[in-house]
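Observations on chain architecture
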Amino acid sequence: MLNDLKKDCETRMRKTLESLDQAFGKVRTGRAHPSILKDVMVPYYGSDVPLLQVANVSVDDSRTLLIQPYERTMTGAIDKAIRNSDLGLNPISADVIRVPLPALTEETRRNMQKVARGEAENAKVALRNIRRDVLADVKELLKEKEISEDDDRKASEDVQKITDKFVQEVDKHLAAKEAELIQV
């Protein structure tokens, strides 16, 4: 029973780490990456769909994204959707759409680092909440006399070790993202 709780704890913490990686993907760096446009919604036959479903997005060079719509008639709608997004990008339309990414200023880099640190802190809070929930489940088992006090203490130590391991992973991911942001 305790092993199931530990496995559940580790699985939930791994999902938190994956969620952090997705959040970091939205933080713009100096390099072009198709995931920047992942949340852009384009009107398509009466409903909004993600840009990646109506066009092929690739990296033209280190600072330019190349968007090739599956239908030529979508070029204007894609251009407008990118301009209206909160990304601050100005696409250049022709048969294909080129999206040049402006170089990040020092102030923008600092702001992006703050955003990345905030996302990392949110992930750490989520990890601590998971730890708290699992320890509450362990205490409940102790209260119902399903485990001994020694098992309770051992499980608490194991859950803390798992939590520490994932907090270190969050710190590693944050350091890598900050290094990426600093690169010019």
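Residues numbered from 1 in each chain as written. Predicted model: local features only at pLDDT ≥ 70, side-chain atom pairs only at ≥ 80, totals over all residues. Heavy atoms only, no water.

Our focus in this paragraph is the environment of I147. Its place among the elements puts I147 in the loop between α3 (106-143) and α4 (149-182). The class of I147 is buried, set by a relative accessible area of 12%. If we skip the residues at most four places from it in the chain, I147 touches L2, V138, L141, L142 and D152. (Helix = DSSP H or I, 4+ residues; strand = E, 2+ residues; numbered from the N terminus. Buried < 20%, exposed > 50% of the residue type's maximum accessible area, 1.4 Å probe, protein only. Contact = heavy atoms within 4.5 Å.)

All right, on to the pairing of strand β2 (residues 47-50) then. Note: strand β1 (residues 41-44) against β2, four bridges, orientation antiparallel. Its bridge partner lying in β2, P43 is registered against D48. Hairpin connection between β1 and β2: a loop of two residues separates the two successive antiparallel strands, and Y45 in this loop has a positive phi of roughly 50 degrees. (Pairing = 2+ DSSP bridges.)

It is worth spelling out the sheet that holds strand β5 (residues 92-93) at this point. Taken in spatial order, the four strands line up as β3-β4-β6-β5 in an open sheet, and their pairing is antiparallel. The open sheet terminates on both sides in strands that have one partner only, identified here as β3 (55-61) and β5. With six bridges joining them, β3 and strand β4 (residues 64-69) adopt antiparallel strand pairing. The partner of A55 across the bridge, within β4, is P69.

Look at Y45: it is not a glycine, yet its phi comes out positive at around 50 degrees. The class of Y45 is exposed, set by a relative accessible area of 68%.

Going through the model one piece at a time under the given rule, you end up with one aromatic pair. An angle of 75 degrees between the planes, with centres 4.7 Å apart, marks the rings of Y44 and Y45 as edge-to-face. (Phe/Tyr/Trp six-rings, centres within 6.5 Å; stacked < 30°, edge-to-face > 60°.)

Attention now moves to the nonpolar core. The biggest cluster of nonpolar side chains holds 25 residues, and the ones touching the most others in it are L2, C9, M13 and V170. Of all elements in the fold, only α1 (2-26), α3 and α4 reach the threshold of two or more residues within this core. Counting residues per element, this core draws most heavily on α3, which supplies nine residues. Setting aside its immediate chain neighbours within four residues, C9 contacts I130, V134, V159 and I162. In terms of nonpolar packing, the next biggest core, distinct from the first, is built from 20 residues, A32, V42, L51 and V99 among them. (Core = buried A, V, L, I, M, F, W, Y, C linked by side-chain atoms within 4.5 Å.)

Put simply, α3 and α4 touch, their axes get as near as 10 Å, and they point 170 degrees apart. By the angle between their directions, the pair α3 and α4 is classed as roughly antiparallel. A class-by-class count of the residues in the contact of α3 with α4 yields 17 nonpolar, four polar and ten charged. (Axes fitted to C-alpha atoms, helices over the stretch in contact; angles between N-to-C directions. Parallel < 35°, antiparallel > 145°, perpendicular 65-115°, else oblique. Nonpolar A, V, L, I, M, F, W, Y, C, P; charged D, E, K, R; others polar.)

Keep in mind that these numbers describe shape and distance, not what the molecule does.
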